[in-house]
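Descriptive analysis of the structure
Each chain, letter by letter, is given below.
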Amino acid sequence: MIPDPHKLGVHKILKHVPLNSLFHAPSKRRLAKAVNIADIRLCAKQRAHKMVFDYLDAGADDEISLRRGKDAYSQLEMHYHCLAGLQPPLDLSTKIFGHDVKLPFFTCPTAGNRMFHTHGEAAVARAAQRHGTLYGLSSLATTGITDIVNYHTGPKVFQLYVWKDRELVKEVLDKAKEGGFNALALTADFTWYGNRERDIRNGFTIPPNYSVKQMIEAIRKPAWTYDFLSADPYTYACIKDDVPADSLASFVNSQINPAFDWKDAEWLLGEWGGPAALKGVVRPDDAKKAVETGFSTMWVSNHGARQLETSPATIDVLPSIREAVGPDVEIIMDGGVQRGTDICKALALGADAVGIGKPFLWGLAAGGEEGVYKAIEILRVELDRAMGLLGTGTVDELKKRGPGLIHRRGGSVRDYHDVGAHGRGYGGGIV
């Protein structure tokens, strides 16, 4: 094992050696040929270090929930109206957290974006700004809260974990308010760290441990490696500037509060004093309790199938959450989305907006800002097409008429296993 190159100051030399364009040229060519999210996933797999790609790509335990989360959409048929008299492009605008946006889907807050590309959260925020949609920032981001306003001037949501230190929470909330964040999302399904076995097998660490295995993989992925070695080491800047990335695990373990309960949530809402979502809702009774506690938005999510194995597919529980809270409470849903048709089905079955995670992170790992922009654009075009073919001209119309347009199909002897699905990043199941 060799010493950490950043501690030796290697990045201070490499940042003045203009080789990034050379190393990134093959990645750009691959990205240009991508036609769907599965293609962008493969672009990310070819550019990123295996340890980093698998961290992004994986789910918990046997990844059953990960597969089911994707397969669930294939069980939903779209019973379209013909001769609807629509012309493209359709109006995809809506409101999220009470603010106007051009798209009914957005990039979810996700930790450590600079792990995938040195431009990290800045690249994602710029791409979201270009599309005119909401941006979500994680409290474990590698870009500071007040920096994001330089890249995204539109509506923003700040995500917070269940921290123990209330003074730290107050400090972070004050920064979010100063940084122009309009809404808060409390992640409630991260009281324990999920068992992600790909990470264990790969020896995942932040930063890499520079073992022979990791160095061989780094040589195989020169674009990611040069990007990493020529950039400043990243910190988890939303928490404390002096918390380096390699201290993340110990810091999180010391701060995550498994005992965080509804009373703590009530205190948090009082400190925030604005629109707030409870992220991680999969049960109707929890949704009702969240509304009673004061949350304005229910965020239906199972943390990307990365926490509790065999947790339900979010699209399956979405209708029950809508029924529980009624028509007036805002609902966001994420989980398993890889197609514009998936977004369309979620909006039809009760979601007011849809969060995407893996698709835009694959784009980031594949090609920085342009990769994120392309991932969002692919989904935008697919959603526009799906709504047009379904016969719904606006997001509001889709939400009003949606339950009558989407029907669950039963299993059939005609179904057969899609043996090529895994290579396309899809869980498998039926075709």
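What follows deals with the environment of Thr-191. Along the chain, Thr-191 falls in the loop between strand S7 (183-187) and helix H9 (197-202). Between the alpha carbons of Thr-191 and Phe-260 there is a distance of 8.1 Å; along the sequence they are 69 residues apart.

Further remarks concern the packing of helix H4 (residues 50-57) against helix H17 (residues 358-390). Interaxial distance between H4 and H17 falls to 10 Å at its minimum, and their mutual angle equals 165°. When the interaxial angle is binned, H4 and H17 end up roughly antiparallel. Of the two possible hands of crossing, H4 and H17 adopt the one that is right-handed. Counted together, Phe-53, Leu-56 and Asp-57 of H4 and Lys-358, Leu-361 and Trp-362 of H17 form the full contact between these two elements.

Let us now look at the packing of helix H2 (residues 20-33) against helix H3 (residues 37-47). Two elements in contact, H2 and H3, have axes separated by 9 Å at closest approach and are oriented at 170°. The pairing of H2 with H3 is recorded here as roughly antiparallel in orientation. Here H2 contributes His-24, Ser-27, Arg-30, Leu-31 and Lys-33 to the contact with H3, which in turn contributes Asp-39, Ile-40, Cys-43, Gln-46 and Arg-47. Classifying every residue of the contact of H2 with H3 by side-chain character gives three nonpolar, three polar and four charged.

A complete count under the given rule lists 24 salt bridges for this structure. Across the salt bridge formed by Asp-54 and Arg-198, the nearest N and O atoms sit 3.2 Å from each other. Highlighted residues: Asp-54 in helix H4 and Arg-198 in helix H9, separated in sequence by 144 residues. On the accessibility criterion, Asp-54 (7% relative accessible area) is buried. Under the relative-accessibility criterion, Arg-198 is labelled buried at 18%. Taking the shortest distance from any N to any O, the salt bridge between Arg-130 and Glu-369 comes out at 3.0 Å. Taken together, the positions of Arg-130 in helix H6 (residues 120-131) and Glu-369 in helix H17 put the pair 239 residues apart, joining distant regions of the chain. Overall, the relative accessible area of 17% leaves Glu-369 in the buried class. Overlapping salt bridges bring together Arg-41, Lys-50, Asp-54, Asp-57, Glu-63 and Arg-198 as one network.

Conventions we followed
Residues numbered from 1 in each chain as written. Predicted model: local features only at pLDDT ≥ 70, side-chain atom pairs only at ≥ 80, totals over all residues. Heavy atoms only, no water. Helix = DSSP H or I, 4+ residues; strand = E, 2+ residues; numbered from the N terminus. Axes fitted to C-alpha atoms, helices over the stretch in contact; angles between N-to-C directions. Parallel < 35°, antiparallel > 145°, perpendicular 65-115°, else oblique. Left-handed = near helix turned anticlockwise from the far one by under 90°. Contact = heavy atoms within 4.5 Å. Nonpolar A, V, L, I, M, F, W, Y, C, P; charged D, E, K, R; others polar. Salt bridge = Lys/Arg side-chain N within 4 Å of Asp/Glu carboxyl O. Buried < 20%, exposed > 50% of the residue type's maximum accessible area, 1.4 Å probe, protein only.

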